[in-house]
Amino acid sequence: MATRSAVPTSKPVDIRPLHPAEGRAGGGRRWPVLGAAVALSWALPLLLHTLALDVVLVPVLVLAIASLIRVGGGLLDRLVVASFLLCGAVMAFGLLFSVWPWGLAPVPGTGLLLTVLSVTGWLAGRRPRIPLRLRGSDALVLATVAVVWRYFHHPLAGKSAADRLAYFATSEDRLGHFSYFDGIHHVGGYAFLHQEAAKAYMMTPAEAVYPQGTHFLMAWTDVLVKSSTDGGSGLDMTYRYLLYVLAAYALLCGALVWAARWIGGPRLRGWRAAAVCATVAAVMMSGSMAQLVAWGFDSETFGLLFLAVALALLVRPAMGRAEFVLVGIAALVSVTFVYNLYGVLVGIALAAVLVVHRRRFAPHRRLVVGALAGGALIAALPSVFSVLTKLDVEKTSNLAGPMVIPDRPVFIGCGLLALVAASLPVNRRTGTGQTVLALVLGATAVIGVFGAWQKHTIGYYSYYFEKLTAAGLVIALISLGLVGLMLQPAARTTSSPLRRRADLLLRSGLATAAALALFGNVQWGVPSGWGHPSAWYDSQMIKWARGEHENGIGPAAKTLARRDLKGVDSPVIALYGNDAYLNMRATFLAQVLTHRAGAMVGLYEVFNVKIGGPAAVDEKEYQASLGRLKGAIATCPEPPTVLVGDQKTADRIERDLAGAGSAATVVYAPLK
């Protein structure tokens, strides 16, 4: 099956069952088997919930899916596809979970998912089977995940909950994303289906307009981790949330390595596979994309993760028609629910594969297209809902903000290499080569048109243009799998198997080291000619590992967690100093930790409050800041607690607020 997408597209591909027993009518359809499978689908979640081990159901679901699908000849390939299908299913079934009476309760949701798998497998007559074959390059995929996780988790290891909070609160975006996660946790489903209830936990109109697939998936996972729909204290939830985000970036890096190898197919092996995998890993570990974590672009991280897997599976659809339909629907749902901006790229890839492999799908064209159209309707529901309610598409598309800019030379160079590889006659005759060509050209057109539109409307490239180029980088990197086929494979020899294996390991090791040196700036201990460390040590991932991304919020975060939020049950305004930005972020963090992020709609006035610290400010600045503070207090549903970092300033603010009739409790809270 792994070689189907590499055959010339002038001939239709014949998809046959792997085992005759699975193809006979009723070969696996015994009623007692179905009854036992359905009973186990509910008994297992009940048992694990009783033992508070609901999280075990995640690998159980992955293995159950992996045992029923017939994609990939190796264990890692099968597990990646199964995990991807599970995420898509959770987000799609989340629409049901959001409206039924049990919400995100572990047993009903997982019981339903296992039941669907049991019935589907029984109807298909498939017996559970998982390939155990491993590939040498699996080690590079897994090592990438492990290394990235090690660097990002390192500064958190051994620290207290209050100290770890500084790494969580590195940006406003992270605080906002957590509030969506927190809101979904509390309302028991997608916020856009519980808008009034969700407004208490997130800033309106986010409950209606922002894609919530990332936050729903994390909330569903968190319920299984906790074995409860009660997420616990805000402090504990922020740490678990941060772990999910760090894991997502590590998985993104590993998924890109895997996706490039998948596109290369079974012909990409040996030192060529090592060179491709190590190049992709080096770019992601040493390049600018690691800044996604520090800037709190959590939905973008998840969106790129699902986009990488989706595009790889669509570009080289080495699977049967049933699996292709499932993968296509999962691609549409997961990418669009998480980051709808990237949905157009999935649409391009899906259209390309349907055209390139049209003869393959001809016998069941209507059924395949109909099923994919149904998946597209489900995928579009949240986006259509937001557009028809509160989303201003033009205004949102031109938003300004901090940007993670993909490495332009890598983005452009890898894209051009992909075009070269796809245009070669040997690849132009294959489905993979044709689909890569269509995807690269289509993505280039989308990015170019969007950039031209921004230049026309606002005169510069802004926030969402760079997010689109990040998707372009993903396409360029996974296309390296096709580029790897241009390298000269090692010639077969008549030497002993042990000698051949040793030669393979040596060449693969050298190719890996070369790729890390060329694209990751790793010097392998060679002293720098300029007398300073290599650029590897100045990369964003290494900076995070050294603790250089707290952005000044650390002391305020620790003070809030250790002292100032204890026993407080009202909105909190934190004026620890005369830095308005610090005051706003500390105030936002206080609402997040007390599950009151919805109050930040009005409390954003604190961004203009430049008082609170010991340093004196002129009277004009004080009065302007006091006016903003009164406006923020007026938006609170109950009198807030105002934390002030300087005693004299606290006393004056208390007198002035009382004189103006603004109800608030002012507390002297020095920053420590």
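Residues numbered from 1 in each chain as written. Predicted model: local features only at pLDDT ≥ 70, side-chain atom pairs only at ≥ 80, totals over all residues. Heavy atoms only, no water.

Scored by pLDDT, the protein chain comes out at a mean of 90, with 94% of its residues at no less than 70. Within the protein chain, the lowest mean pLDDT, 44, falls on helix α1 (residues 20-23), and the highest, 98, falls on helix α11 (residues 213-226). This model gives residues 1-27 a pLDDT under 50, and the stretch forms 54 contacts once residues within four places in sequence are excluded. (pLDDT = per-residue confidence, 0-100. Helix = DSSP H or I, 4+ residues; strand = E, 2+ residues; numbered from the N terminus. Contact = heavy atoms within 4.5 Å.)

So, on to the packing of aromatic side chains. To describe a pair of aromatic rings, you give the distance between the ring centres and the angle between the ring planes. Here the structure, examined in full by the defined rule, presents 28 aromatic pairs. Between Tyr461 and Phe465 the ring centres are 4.4 Å apart and the planes differ by 20°, which places this aromatic pair in the stacked class. With a centroid separation of 6.2 Å and an interplanar angle of 85°, the aromatic rings of Tyr581 and Phe607 are classed as edge-to-face. In this pair, Tyr581 sits in helix α29 (residues 580-593) while Phe607 sits in the loop between α30 (600-603) and α31 (619-634), placing the two residues 26 residues apart along the sequence. Classification of Tyr581 by relative accessible area gives partly exposed; the value is 34%. Phe607 gets classed as partly exposed once you look at its relative accessible area, which sits at 40%. One aromatic cluster is present, built from ring pairs that chain together Tyr190, Phe192, Phe216, Phe337 and Phe385. Of note, Lys455 hangs over the ring of Tyr461, and the distance from its end group to the ring centre comes to 5.4 Å. (Phe/Tyr/Trp six-rings, centres within 6.5 Å; stacked < 30°, edge-to-face > 60°. Buried < 20%, exposed > 50% of the residue type's maximum accessible area, 1.4 Å probe, protein only. Lys NZ or Arg CZ within 6 Å of the ring centre and 35° of its normal.)

With the rule as written, the count across this model stands at 18 salt bridges. Here Arg240 and Asp222 are joined by a salt bridge, their closest N and O atoms 2.7 Å apart. Taken as a pair, Arg240 in helix α12 (residues 234-264) and Asp222 in helix α11 lie far apart in primary sequence, 18 residues in all. Note on accessibility: Arg240 and Asp222 belong to one class, buried. The partner of Asp538 in a salt bridge is Lys543, and the shortest N-O contact between them spans 3.7 Å. If you follow the salt bridges from partner to partner, you end up with Asp77, Asp138 and Arg261 in one network. (Salt bridge = Lys/Arg side-chain N within 4 Å of Asp/Glu carboxyl O.)

Moving on, we get to a nonpolar patch on the surface. On the surface, Leu47, Leu51, Leu53, Val55, Val56 and Val225 cluster together into a nonpolar patch covering about 460 Å² of accessible area. Examined against the element boundaries, Leu53 turns out to sit in the loop between α2 (31-50) and α3 (57-68). (Patch = residues over 30% accessible without salt bridge, like charges linked within 9 Å, V, L, I, M, F, W, Y side chains within 5 Å. Areas by Shrake-Rupley, 256 points an atom, 1.4 Å probe, with all protein chains shown as cover.)

The next thing to look at is unusual backbone geometry. With an omega of 10°, the peptide bond running from Thr204 to Pro205 counts as cis. Its place among the elements puts Pro205 in the loop between α9 (195-198) and α10 (206-209). A positive phi angle, near 55°, is found at Ser227, a position not held by glycine. Mapped onto the elements of the fold, Ser227 is located in the loop between α11 and α12. On the accessibility criterion, Ser227 (11% relative accessible area) is buried.

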